[in-house]
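# Descriptive structure summary
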Amino acid sequence: MDRIRIRGGRSLTGIIPISGAKNAALPLMATALLSDGPLTLTNAPDLADVTTMSGLLAQHGLRVERDKQARTITMSGAATNLEAPYDLVRKMRASVLVLGPLLARYGQARVSLPGGCAIGTRPVDLHLKALEQMGAEMEITAGYIEARAPGGLKGARIIFPQVSVGATENILMAAALAKGTSEIVNAAREPEISDLAACLMRMGARIEGLGTDRLVVEGVPSLGAAVHPIIPDRIEAGTYACAAAITGGQVLLGGARLDHLGAVVRILRDAGVDVAEADGGLKVSRLNGLRGTDVMTEPFPGFATDMQAQFMALMCVAEGAAMITETIFENRFMHVPELSRMGARINFHGASAIVRGVPKLSGAPVMATDLRASVSLILAGLAAEGETIVNRVYHLDRGYERVEAKLAAVGADIERLPG
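Rules used throughout
- Residues numbered from 1 in each chain as written.
- Predicted model: local features only at pLDDT ≥ 70, side-chain atom pairs only at ≥ 80, totals over all residues.
- Heavy atoms only, no water.
- UniProt positions renumbered as here; feature names shortened; annotations may be inferred.
- Helix = DSSP H or I, 4+ residues; strand = E, 2+ residues; numbered from the N terminus.
- Buried < 20%, exposed > 50% of the residue type's maximum accessible area, 1.4 Å probe, protein only.
- Contact = heavy atoms within 4.5 Å.
- Axes fitted to C-alpha atoms, helices over the stretch in contact; angles between N-to-C directions.
- Parallel < 35°, antiparallel > 145°, perpendicular 65-115°, else oblique.
- Left-handed = near helix turned anticlockwise from the far one by under 90°.
- Pairing = 2+ DSSP bridges.
- Polar contact = N/O pair within 3.5 Å; in protein donor to acceptor, adjacent residues only side chain to side chain.

Moving on to the UniProt feature "binding site: phosphoenolpyruvate" (unreviewed entry) in the protein. UniProt's entry tags Lys-22 and Asn-23 with the feature "binding site: phosphoenolpyruvate" (unreviewed entry), counted in the numbering of this structure. In this structure, Lys-22 sits in helix H1 (residues 22-30). For Lys-22, a relative accessible area of 4% gives the class buried. Lys-22 has contacts with Pro-45, Leu-47, Asp-49, Asp-233, Leu-371, Arg-372, Arg-398 and Gly-399, leaving out every residue within four places of it along the chain. By the secondary structure assignment, Asn-23 is in helix H1. Apart from the residues within four sequence positions on either side, Asn-23 is in contact with Glu-169, Glu-192, Asp-306 and Arg-372.

The subject of this paragraph is the packing of helix H5 (residues 125-133) against helix H6 (residues 165-177). Contact pair H5 / H6: the axes reach a minimum separation of 8 Å and the direction vectors enclose 25°. Put simply, H5 runs roughly parallel to H6. The way H5 lies across H6 gives a crossing that is right-handed. Taken together, the residues of H6 that come into contact with H5 (itself represented by Leu-126, His-127, Ala-130 and Leu-131) are Gly-166, Ala-167, Asn-170, Ile-171 and Ala-174.

Okay, the sheet that holds strand E12 (residues 206-208) next. Taken in spatial order, the 4 strands of this open sheet run E10-E11-E13-E12, and their pairing is mixed. Two strands in the sheet have a free side with no partner beyond their single neighbour: strand E10 (157-159) and E12. For this sheet the average axis-to-axis angle between neighbouring strands, irrespective of direction, equals 15°. Of the pairings in the sheet, the one linking strand E11 (residues 181-185) to strand E13 (residues 214-218) comprises 5 bridges and is antiparallel in character. The residue of E13 that forms the bridge with Ile-184 is Leu-215.

Turning our attention to the side chain of Arg-398. Mapped onto the elements, Arg-398 comes out in the loop between helix H13 (394-397) and helix H14 (403-408). Owing to a relative accessible area of 10%, Arg-398 belongs among the buried residues under this scheme. At 2.9 Å, the side chain of Arg-398 and the side chain of Asp-49 are in polar contact.

See below:
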């Protein structure tokens, strides 16, 4: 199993190109089930999760052609198999996003309950209840969602009791082919939702309310072919912003967009990090010292839960203390013991952690527990004295493309060690 070795203490300087967003690419790929296509996605990231989704769509019967050099994925054809098996779905929770499209177009689906990182429960009840409101019949048996819509899906007014990105995506796709008009209230507002809606509209869907918490979808009989560019990955951009800050460096995040980062920019600025728009992306540098800054994770445009671990690593070397409160997932502090092995001073109770900054971290062997925890340990290693070995980096490959190559290109002493 691969490991990553980092020798810390180097400032990062240069340009880091930001890849297409993983969290946008996966639902966009699922839209291919709504049409014979072809659907071509450009700016596609080369990630393990994208490979998993490609395999899932292929086993449904779609033709999936991937050109890594041109960064495109083209999907076409009709589904010949309506089951999403456990062996594929267990690898990635986004696999449940095939449920809405399969039901909308084919009237039935059998989808395994999803997997992914072990950072807390991700119930799919919001997805199921909303689809039931649209006329679907649901049953969970032997770990599978058995779904049927014998009369086809019908437009409905869906009011989510809590914000859910995945449920919003699933219902948005399902509503595109439902009979009548659907209204999605308390919809997620993440940039990936607007990107999904924009792609569906290119395919012929009728959607209003992009960027708001109320989406109105007028169902159409069919969708067609489209070419759609995937937005840049805001979590990758935020991660590398933290990398520049934690090393006292200065980087240009190529292709990154300020409007996609939401509260992350404000919090970084409060902590003493300069983030500014520049030609070709965002320029990030640390002005002076880092200041302890409190943060609470919230749905967009609040501070992203996917940035919590990275920001905690940054706060480990800030002056003063920071309180970090996690409101999205209940088990997302698994990186705390590993950061503590490197000399961080962190106490946590329940949903909050108090981080008291230390003058320096020390390199150590550490174990990655999930995707974002993995990269937080990379960040800590960049700032630490001595050598850090990050084990179990297969988590990292699910969401970060060539992380060691991108960091090495801007001055980090980092390499991947084969297992």
